[in-house]
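# Structure at a glance
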Amino acid sequence: MVYLPFTSKIPVTRIGITGLSQAGKSTLITAVINHLENIRRGALAKQTTLSGLTHGHWLRDATPAFDYDAGLHALTNSPPSWPNSTTDWSIARIELSIDRPWYSTKPRRRIIELLDYPGEWLLDLCLLEWDYPTFCAQVWSWCSQAPRAAIAADLIQTLAAIDPQAPVDAAYLLELQQRWAAFLADSRLPPYQLSRNLPGRFLLNGAHYHPEHQPFIPLFALNLSSGGGAPKFPAHSWGAVCTQNYLAYRDHEAKPFFSRHFQSLDAQVILIDLLGAMTAGSAALKDMRAALEGVLQPFTYGTDHWLGRLFRRKIRRVAVCATKMDHLLPDDQKRLQSLAESYLYDTVQRLAAESIELKVMAIAAVQAARIQTEANGEQSLIGRDKRTGQAVQFTPPALPQTMPHNLNLKIGDLPQLAPPPGLDRAHPFPGRRIDQLLAFLLAD
Ligand SMILES: Nc1nc2c(ncn2[C@@H]2O[C@H](COP(=O)(O)OP(=O)(O)OP(=O)(O)O)[C@@H](O)[C@H]2O)c(=O)[nH]1
Ligand SMILES: [Mg+2]
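Scoring rules and cut-offs
Residues numbered from 1 in each chain as written. Chains lettered and ligands numbered in written order. Predicted model: local features only at pLDDT ≥ 70, side-chain atom pairs only at ≥ 80, totals over all residues. Heavy atoms only, no water. Axes fitted to C-alpha atoms, helices over the stretch in contact; angles between N-to-C directions. Helix = DSSP H or I, 4+ residues; strand = E, 2+ residues; numbered from the N terminus. Parallel < 35°, antiparallel > 145°, perpendicular 65-115°, else oblique. Contact = heavy atoms within 4.5 Å. Nonpolar A, V, L, I, M, F, W, Y, C, P; charged D, E, K, R; others polar. Near = heavy atom within 4 Å. Polar contact = N/O pair within 3.5 Å; in protein donor to acceptor, adjacent residues only side chain to side chain. Areas by Shrake-Rupley, 256 points an atom, 1.4 Å probe, with all protein chains shown as cover. Buried < 20%, exposed > 50% of the residue type's maximum accessible area, 1.4 Å probe, protein only. Pairing = 2+ DSSP bridges. Left-handed = near helix turned anticlockwise from the far one by under 90°.

### Here we look at the packing of helix H1 (residues 25-37) against helix H2 (residues 68-76)
For any two helices packed against each other, the geometry is given by the interaxial angle and the distance between the axes. Running from amino to carboxyl end, H1 crosses H2 at an angle of 90°, the nearest separation of the two axes being 10 Å. Comparing their axes, H2 and H1 come out roughly perpendicular. Along the contact surface, H1 presents Thr-30, Ile-33, Asn-34 and Glu-37, while H2 presents Tyr-68, Gly-71, Leu-72 and Leu-75. Partitioning the contact of H1 with H2 into residue classes produces four nonpolar, three polar and one charged.

Okay, here's the thing in structure tokens:
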């Protein structure tokens with residue numbers, strides 16, 4: 001928690017809401033603001049650790065401000081829709097009033113800031129530690145195996161055939177960069193749902209980044225092994241241009257973003273669409289876990305490492321949340337929680353050893369389905385289809401009791417649901433465990 005200099009003595013708690021693309025970040029932030037605006041109603045009012053909080057007020061003054069109006073409009077509209085996909089970073093700022101005894105000298109107000117940014121950018125965290133040959137070697141280790149080897153067989157072969165020492169063909173480089181970006185876009189969608197799609201800004205540029213100005217691609221030629229020191233490339237060769245543009249991306253796009261935002265965070269929420277990965281199968285589960293390990297790795301670094309300093313200076317609490325649990329029946333919702341815990345067991349253990357408070361939980365920002373119980377006791381879920389708005393009734397796939405150690409798991413498909421009708425800003429949105437998440441994050 002920091003105190004704002006000069007202007008006010010109101011303590012500020014900054015929470016990063018991160019997660020891979022489409023994990024549910026913006027919906028969660030919209031729901032969290034709505035819950036804090038209605039702090040004395042619903043489940044939040046029953047959380048004893050938050051009992052002193054009497055009032056929550058969304059402030060419009062953050063720059064750039066999270067578009068709560070747009071999120072509210074979408075969710076409470078008729079018919080309702082989900083907030084739009086995030087295209088740049090933003091901050092949601094909420095002021096909380098705190099009831100204290102008259103003699104208490106502690107502040108009576110507190111500001112919560114939630115940082116939202118496109119999930120695509122989070123993975124760039126890995127790049128910060130990689131030189132260009134390491135980037136190529138890492139990406140090659142993913143692309144030389146299923147399913148990536150099959151998703152983009154032609155492109156991968158083409159990249160492997162390029163001689164890094166040969167003079168670069170600028171127009172062809174640009175074309176290959178675009179094909180690489182298209183491959184990343186395909187990889188993250190069903191049926192693959194892969195997570196390690198790098199570089200993130202090729203998928204989502206943000207306001208100031210223009211990939212075509214400094215294009216690069218991974219070059220898979222064998223002589224790019226990262227052993228034996230940095231390879232030397234002739235001027236204007238494929239290797240030289242890609243190295244130079246990769247380093248510009250790493251040092252002038254990715255690094256400043258993390259340095260600027262992560263050093264002031266008090267807590268991190270990492271959202272994962274574990275259900276989505278389970279419907280895609282073991283390759284998606286493995287890729288997502290590896291991606292999460294990469295993202296959480298800096299927490300285990302010492303303060304002698306700049307990334308370790310960035311992460312560990314203040315962040316003491318991390319919540320990893322499997323989102324969209326409302327797609328499941330109650331017993332399976334409980335299983336999702338324990339599956340998430342066993343899925344991330346190693347990572348949790350590692351962080352616990354570093355005295356980071358890490359909580360793994362399953363949540364739903366907005367419950368989009370309701371339970372239907374038949375006369376014979378059988379249960380199903382009813383919601384509306386996200387695309388058509390038509391009513392859908394479905395029996396969700398049953399989850400296994402435990403996560404197989406080798407992640408060899410695939411569950412049946414789930415429909416994509418629209419938000420429920422009738423949401424109202426003046427009442428907490430129906431969600432699952434948002435109160436517990438906030439109690440964890442905001443406890444003194
Ligand atoms: N059923 C259900 N679906 C959800 C929930 N939250 C998000 N979704 C679905 O997930 C999609 C993505 O949600 P967002 O909140 O936009 O996710 P995001 O992580 O901000 O996505 P990007 O900004 O694109 O990275 C939505 O369009 C919904 O289809 C939830 O609580 N319940
Ligand atoms: Mg978003």
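### Some points on the site of ligand 1
In the vicinity of ligand 1, 21 residues are found, and the nearest of them are Lys-25, Thr-27, Ser-85, Thr-86 and Asp-326. Ser-85 places a side-chain nitrogen or oxygen 2.4 Å from an oxygen atom of ligand 1. Here an oxygen atom of ligand 1 sits 3.0 Å away from a polar atom, N or O, in the main chain of Val-366. Taken by itself ligand 1 offers 650 Å² of open surface, and the protein chains cover 97% of this. A per-element tally of the shell around ligand 1 places H1 first, with three residues. By residue class, the composition of the shell around ligand 1 is eight nonpolar, nine polar and four charged.

### Some words on the pairing of strand E6 (residues 267-272)
The buried fraction of E6 amounts to six of the six residues, a majority that puts the element mostly inside the structure. Relative to E6, strand E2 (residues 11-19) runs parallel, the two sharing five bridges. Within E6, the position partnered with Ile-15 by the bridge is Ala-267. In the sheet, E6 pairs with strand E7 (residues 317-322) via six bridges, with the strands oriented parallel. The residue of E7 that forms the bridge with Ala-267 is Arg-317.

### Some remarks on the packing of helix H6 (residues 153-161) against helix H7 (residues 170-188)
Remark: H6 packs on H7, axes separated minimally by 11 Å, with the N-to-C direction vectors making an angle of 140°. Classed by the angle they form, the pair H6 and H7 counts as oblique. Between H6 and H7 lies a crossing of left-handed hand. Contact with H6, carried on its side by Asp-154, Leu-155, Thr-158 and Leu-159, involves Tyr-172, Leu-176, Arg-179, Trp-180 and Phe-183 of H7 and no other residues of that element.

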